[in-house]
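Now for the letters of each chain:
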Amino acid sequence: MERLSSKVILVVVAVIALLGSGSDAARKLKGSTDVDALRHRYFELENRAWTIVNQIDKVDNQKEDDRRVQRNIILKELIDIYSGFANDDIGPENSYDEDDYYILKRFYEWQLLEQDLINVHKLFDAIRQFMANRNQLPADDADFELASMDITDTVLSDPQFPVNSTLDEIDRIMIRQGMYYKAQLEAKSTICSFGLSAQQVLYQLYNAISITELKGYSMMQFSWMLLKTYGKALCVEQFQTLLKLQ
């Protein structure tokens, strides 16, 4: 068992080292906005995280103790990646600020969407806190696993925090129903009141909406990775199939 455990550790650590030797993911793309660069940064981190998580399937005929060793290594790397993103890349300063959306206040559609947007930010803050407290319990502790599964349930299926449906509503209201265009017209008519150009108002709104979308999407991916790491791959497939049908 000791020999197999060493093989497990070497496989995962080798993958982690290889992924860490790539180009600087934080480099800003030419012509991109800050939020576009942040999105690109996240996708690179996500690819790295999935590559590490998928190592859970790479060693055949594992005993439970060996899988536990491998799982703990993967959990540590996974949480380090997402904790770094939540604290260093997206940062606590990118929290919900109603001033970013003031131009939408008079629109009925926005009133329907606003609370769900706020809940996405609150849930992201809760997950950030969960990752900050990860060292209080060993990764293979039953309470840690229970807390992880609570997170996945909340993000993926709790009606009080409808992350996926909120992302769908953002797309429907802001793009398909032309809310960005309405916001631009509203900004042009109130430019003297706010002291910003219509373009500045629209960029501020786009940035805030994009941050919310990125938070929601990253939480869903993080949840699927936790499920996969804990051997609940069927749950991942079921959730992803359900999303495709919606």
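Here is what the cut-offs are and how they apply
Residues numbered from 1 in each chain as written. Predicted model: local features only at pLDDT ≥ 70, side-chain atom pairs only at ≥ 80, totals over all residues. Heavy atoms only, no water. Helix = DSSP H or I, 4+ residues; strand = E, 2+ residues; numbered from the N terminus. Buried < 20%, exposed > 50% of the residue type's maximum accessible area, 1.4 Å probe, protein only. 1 Å grid on protein atoms, 1.4 Å probe; cavity = no way out; pocket = protein on both sides within 12 Å on 5 of 7 lines; lining within 4 Å. Points joined across faces, edges and corners; volume = space filled by probe spheres on them. Nonpolar A, V, L, I, M, F, W, Y, C, P; charged D, E, K, R; others polar. Contact = heavy atoms within 4.5 Å. Phe/Tyr/Trp six-rings, centres within 6.5 Å; stacked < 30°, edge-to-face > 60°. Salt bridge = Lys/Arg side-chain N within 4 Å of Asp/Glu carboxyl O. pLDDT = per-residue confidence, 0-100. Expected span 1.5 Å × (residues − 1). Axes fitted to C-alpha atoms, helices over the stretch in contact; angles between N-to-C directions. Parallel < 35°, antiparallel > 145°, perpendicular 65-115°, else oblique. Left-handed = near helix turned anticlockwise from the far one by under 90°.

S.K.: Teacher, can you tell me more about the environment of L227 here?
M.R.: Mapping L227 onto the fold places it in helix α9 (residues 198–229). Relative accessible area serves as the criterion here: at 4%, L227 is assigned to the buried category. Taking the C-alpha atoms as reference points, L227 and D153, separated by 74 residues in sequence, lie 10.0 Å from one another.

S.K.: Please explain empty space enclosed by the protein as it appears in this structure.
M.R.: Empty space left among the atoms is revealed by rolling a probe the size of a water molecule over them. A full pass over the atoms with the stated rule returns one cavity of 30 Å³ or more. Estimates place the volume of the largest cavity at around 50 Å³. In terms of lining, the largest cavity is formed by Y82, F85, A86, F124, I127, M131, S218, M219 and F222. Elements that contribute at least two residues to the lining of the largest cavity include exactly α3 (64–89), α4 (108–132) and α9. Residue composition of the lining of the largest cavity, by class: eight nonpolar, one polar and no charged.

S.K.: How should I be thinking about the environment of M149 in this particular structure?
M.R.: Relative to the helices and strands, M149 resides in helix α5 (residues 142–157). Sequence spacing of M149 and Y230 is 81 residues, and the spatial spacing of their C-alpha atoms is 9.0 Å. Sequence-distant contacts of M149, defined by excluding residues within four places in its chain, comprise L226, L227, Y230 and K232.

S.K.: I keep staring at the packing of aromatic side chains and nothing clicks. Help me out?
M.R.: Here the distance between the centres and the angle between the planes together describe a pair of aromatic rings. Taken as a whole and judged by the stated rule, the model has nine aromatic pairs. The interplanar angle of 20° and the centroid separation of 4.8 Å between the aromatic rings of Y101 and W110 together place this pair among those described as stacked. Y101 sits in the buried class, given a relative accessible area of 1%. Residue W110 is classed as buried on the basis of its relative accessible area of 1%. By way of ring pairs, the aromatic residues Y42, F43, Y82, F85, Y217 and F222 are connected into one cluster.

S.K.: Explanation requested: the pattern of salt bridges in the structure shown.
M.R.: Two side chains with opposite charge may pair up if their charged atoms get near one another. Counting across every chain of the model gives nine salt bridges. For D36, the salt bridge goes to R39, with nearest N and O atoms at 2.9 Å. On the criterion of helical spacing, the pair formed by D36 and R39 is a turn pair, its members being three residues apart in helix α2 (residues 34–53). Across the pair R172 and E169 runs a salt bridge whose closest N-O atoms are separated by 2.5 Å.

S.K.: I tried to follow the confidence of the model for the protein on my own but got confused; where do I start?
M.R.: Atom-level detail of predicted coordinates should not be read off regions where pLDDT is low. Per-residue confidence for the protein averages 79 on the pLDDT scale, and 75% of its residues sit at or above 70. At the low end of the mean pLDDT range in the protein sits helix α1 (residues 2–20), at 43; at the high end sits α2, at 94. For the stretch residues 21–27, pLDDT sits under 50, and the model shows four contacts to residues farther than four places along the chain or on other chains.

S.K.: Explain the side chain of S148 here, please?
M.R.: Here S148 shows up in helix α5. Excluding residues that lie within four positions of it along the chain, S148 makes contacts with F130, L226 and Y230.

S.K.: Before we go on, may I ask you to explain α2 in this structure?
M.R.: An α-helical turn contains 3.6 residues, so any two residues separated by three or four positions project in the same direction. The end-to-end C-alpha distance of α2 is 28 Å, a good match for the 28 Å that 20 residues give at a rise of 1.5 Å each. Within the span of α2, buried status applies to V35, A37, L38, Y42, L45, E46, A49, W50, I52 and V53.

S.K.: Can you help me understand the packing of α5 against α9 in this one?
M.R.: Angle between the axes and distance between the axes: these two values describe a pair of packed helices. The geometry of α5 relative to α9 is characterised by a closest axis approach of 9 Å and an angle of 140° between their N-to-C directions. Here α9 runs oblique to α5, going by the angle between their axes. α5 and α9 meet at a crossing whose hand is left-handed. Contacts from S148, M149, I151, T152, V155 and L156 in α5 reach M219, M220, S223, W224, L226 and L227 in α9. Residues that form the contact of α5 with α9 fall into these classes: nine nonpolar, three polar and no charged.

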